[in-house]
Structures are given as C-alpha cells and as structure tokens.
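Chains, contacts and geometry: an overview
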Amino acid sequence: MLYAASQTHFAGGALASALLLDRQLRIHVVDKRGLTFDSRFAPPSPVTRAIVNVYLLLDGAMQVDGGPAVTAPALWILDETELERPTPAARRFRVTGLTIDLRVPRHVVRGPIGVALPPRPLPSALAASAAALAALAGQPGAGAASIEPVLGFLAALAEAGVVDGEVPIRRVEDPGLTRLWQAVTPAYDAYATAVTIDQVAAASGRSSRQVRRELKALACEFDLFGGNFRHITRITRLRAAVLLLSAPTATVAEVADRVGYGSAVAMARAFRDADMPTPSDVRGHLRAGA
C-alpha cells in the first residue's frame, strides 16, 4: 500500500489529507477547515468502473440536495455516479469537516447504495478505527504505508456489516515502486499538481522515458483514472482548485497560482474543457451555500 500526506493553510482555510492506495482500494482522508466540498463541481473520472465509495463523516456536516444538514458521525455508500463520475441526474451533496472516502469494488459492499438514503450510524468500534486512520491526515512521510490502521478500519467495516469479507492489501510493497511514488508525492504535499514527467524523472534519477513507462504501469496497476498520468494530474488539479475556491478570502488568481495553472485565464479554460462552470461562478456558489 502506498501513502502520501499533505497539509496547507490557504486564504483563511486549512486542509490536511492522507492518501492510501492499493490495487483494489483507495482511501482518502480529508480534513477541511473553512472549506467546502460540493459534488456539483467534482470533475468526473474519464472511465467507468464498477466501484462505490464508502463515505464517512467524522466531523462537520453534510447536506444532500439542499435538505437539512446531517451532522457527524455518519456513513453513506455512494454510487460511482455520485462522486467518482457524477452525472447530471445524480443527487448533489455538500460537506464540510473531516471525511474518509474508501473506494472499493461494488461487489464487496453490503446494503443499499445512494447518498439520498438515510445515513448509517457508526458503531463505537468503527468510529474508533476511523479516528485512528484519520490521524494520518497531514502527517509527514511518503512511500509505503503502515497498514495496521487500514487493517483495523477494514475489519471494523466488516464487523459493522458495511463490507463483505476481507479486501486484499499488499502487505510489503515493491521497493522500486515505492521509490517512484516517493518521487511523485512531494507534488501532492505541495499541491503542485502541474508536476511533469521530466520533474519526476529528475527527482527519481531515471530517464523521462523510463518514468513515463513506470508511471503508466503504476496508474494501471492501481486503477487511477484509467491508467493515464495526464488524466491523473488534470483531475487532481481541478479537484484541488474547486476545494480551494471555497476558502473564505481566496481569489481566482490565487487559487490558479496555488494549484499550478499559469494564470486565472488558464484555469478558466481548464474548467470549460471539463464542462464545469467558470471558477468565479464556482467560488460564488460555494461561498453563498447555494
């Protein structure tokens, strides 16, 4: 299992996160302070997968289609079309605070799926294991993850009837893959989402051709947005931009610079190419709570 973490303070908001990757699962811990995630503005993955997202709210509140806010702790199982590949017909939700998003194959989850359904409660054992996992957010370090918090979290999910059986995890990671991941993760930590193949090659002591081949293999093996490094960086940058646009005092130009666009015009063009509203419109909706 691979691991990366980041922490930043930006324009009156604070964001800490941890990313844990394995072949059949992805865990994303995100602690949003003064920031809002709104699924209306989530850029979709370019590929279709039979996956769902087990979505835990550990602190803060979540609102579905403008309805009453649900406060933590709570748990939903989200369909692929509600988060990974949102569609116009999907239910929309806004969330603040601390969340854990577990991406797993659809066949391993139990029970009904959909953000419009009432949230599931968190038994004490699951809440405790989720808190231990959430403590990784913002912690320094990159490379292979300590899997004990992950194993405890997955065991608690199974005990609570959320997942069916064991989701296999690679206990010892390949050293070469870990070194390549370590060359990529400083960009994640710094939200430098415009990282290039040449920059990764320089950081890892490899040729650009070798890094391009290895990154493609990594993205395919871990099922990251269809195995395309360009897709990964494009979607990551868009998602980071949308989240930071909700910061209390952020300007569009400041967000564009923070996530690696050359200018506010370049970021607006990227939003348009992804069939998203303009950055100014997104910022206005996020701040207005509309």
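Residues numbered from 1 in each chain as written. Predicted model: local features only at pLDDT ≥ 70, side-chain atom pairs only at ≥ 80, totals over all residues. Heavy atoms only, no water.

Glancing now at the overall build of the protein chain. Helix and strand content of the protein chain: nine helices and eight strands. Relative to the 2.2 N^0.38 estimate, which gives 19 Å for 290 residues, the radius of gyration of the protein chain is 18 Å and therefore close to what a compact globule would have. Taking the principal axes of the C-alpha coordinates as reference, the protein chain spans close to 50 × 45 × 30 Å. Taking all 290 residues of the protein chain together, 52% fall into the buried category. Summarising the internal contacts of the protein chain: among those between residues at least 6 apart in sequence, 71% fall at separations of at least 24. With the model as given, the accessible surface of the protein chain reaches about 12,500 Å², and the carbon-plus-sulfur share is 54%. Between the averaged position of the 31 positive side-chain charges in the protein chain and that of its 26 negative side-chain charges there is a distance of 5 Å. (Helix = DSSP H or I, 4+ residues; strand = E, 2+ residues; numbered from the N terminus. Rg over C-alpha atoms; globule rule 2.2 N^0.38 Å. Buried < 20%, exposed > 50% of the residue type's maximum accessible area, 1.4 Å probe, protein only. Contact = heavy atoms within 4.5 Å. Areas by Shrake-Rupley, 256 points an atom, 1.4 Å probe, with all protein chains shown as cover. Lys, Arg positive; Asp, Glu negative; His and termini not counted. Charge placed at Lys NZ, Arg CZ, Asp CG, Glu CD.)

For the coordinates displayed, the defined rule picks out 15 salt bridges. The shortest N-O distance in the salt bridge between Asp-59 and Arg-33 comes to 2.8 Å. In this pair, Asp-59 sits in strand β4 (residues 51-64) while Arg-33 sits in strand β3 (residues 26-38), placing the two residues 26 residues apart along the sequence. The network of salt bridges with shared partners includes Asp-22, Arg-23, Arg-170, Glu-173 and Glu-221. (Salt bridge = Lys/Arg side-chain N within 4 Å of Asp/Glu carboxyl O.)

Take helix α4 (residues 197-204) next. Along α4, the residues that are buried comprise Ile-197, Val-200, Ala-201 and Ser-204. The arc that holds the buried residues of α4, viewed along the axis, is 100°, so those residues lie on one side. Residues of α4 that are exposed and point more than 90 degrees away from the buried face comprise Asp-198, Ala-202 and Ala-203. Just beyond α4, the residue with positive phi is Gly-205, at close to 70°. (Arc of directions from axis to C-beta.)

Here we come to the nonpolar core. The biggest cluster of nonpolar side chains holds 39 residues, and the ones touching the most others in it are Ile-27, Ile-100, Phe-153 and Leu-157. At the level of elements, β1 (2-10), β2 (13-21), β3, β4, β6 (74-79), β7 (93-105), α1 (124-134) and α2 (148-159) are the ones that each hand at least two residues to this core. If one sorts the elements of this core by residue count, α2 sits on top with five residues. (Core = buried A, V, L, I, M, F, W, Y, C linked by side-chain atoms within 4.5 Å.)

Take the packing of aromatic side chains next. Enumeration over the complete set of coordinates arrives at two aromatic pairs. With a centroid separation of 5.8 Å and an interplanar angle of 50°, the aromatic rings of Phe-37 and Phe-93 are classed as tilted. In this pair, Phe-37 sits in strand β3 while Phe-93 sits in strand β7, placing the two residues 56 residues apart along the sequence. Its relative accessible area of 1% is what places Phe-93 among the buried residues. Between Tyr-55 and Phe-93, the ring centres sit 5.7 Å apart and the planes meet at 65°, which makes this aromatic pair edge-to-face. Note that Tyr-55 is positioned in strand β4 and Phe-93 in strand β7, a separation of 38 residues in sequence. By way of ring pairs, the aromatic residues Phe-37, Tyr-55 and Phe-93 are connected into one cluster. Here Arg-237 stacks its cationic end above the ring of Tyr-261, 4.6 Å away from the centre of that ring. (Phe/Tyr/Trp six-rings, centres within 6.5 Å; stacked < 30°, edge-to-face > 60°. Lys NZ or Arg CZ within 6 Å of the ring centre and 35° of its normal.)

Attention shifts here to the layout of surface pockets. Taking a probe equal in size to a water molecule and rolling it over the atoms shows the remaining empty space. Roughly 220 Å³ of internal volume is contained in the second largest pocket. Residue composition of the lining of the second largest pocket, grouped by class: nine nonpolar, two polar and three charged. (1 Å grid on protein atoms, 1.4 Å probe; cavity = no way out; pocket = protein on both sides within 12 Å on 5 of 7 lines; lining within 4 Å. Points joined across faces, edges and corners; volume = space filled by probe spheres on them. Nonpolar A, V, L, I, M, F, W, Y, C, P; charged D, E, K, R; others polar.)

Interhelical geometry of α1 versus α2 gives an angle of 155° and a closest axis separation of 9 Å. As far as their axial angle goes, α2 and α1 are roughly antiparallel. Considering the relative orientation of α1 and α2, their crossing is left-handed. Contacts between α1 and α2 involve Ala-125, Leu-126, Ser-129, Ala-130 and Leu-133 from the first element and Pro-149, Val-150, Gly-152, Phe-153, Ala-156 and Leu-157 from the second. Looking at the contact of α1 with α2, its residues break down into nine nonpolar, two polar and no charged. (Axes fitted to C-alpha atoms, helices over the stretch in contact; angles between N-to-C directions. Parallel < 35°, antiparallel > 145°, perpendicular 65-115°, else oblique. Left-handed = near helix turned anticlockwise from the far one by under 90°.)

The next subject is the pairing of β1. Of all the nine residues making up β1, seven are buried; the element is thus mostly covered by neighbouring parts of the structure. When β1 meets β2, the two strands line up antiparallel, connected through nine bridges. Directly across from Ala-4, in β2, lies its bridge partner Leu-19. As defined by bridge partners, β1 adjoins strand β8 (residues 143-144) across two bridges and the pair is classed as antiparallel. Paired with Leu-2 across the two strands is Ala-144, which belongs to β8. (Pairing = 2+ DSSP bridges.)

Helix α5 (residues 208-221) packs onto α4 with a crossing angle of 105° between their chain directions and a minimal axis gap of 9 Å. Comparing the axis directions of α4 and α5 gives the class roughly perpendicular. Only Ser-208, Val-211, Arg-212 and Leu-215 of α5 make contact with α4, whose side of the interface consists of Ile-197, Asp-198, Val-200, Ala-201 and Ser-204. For the contact of α4 with α5, the residue count by class is five nonpolar, two polar and two charged.

So, to be careful, I would describe these as geometric facts and stop short of saying anything about function.
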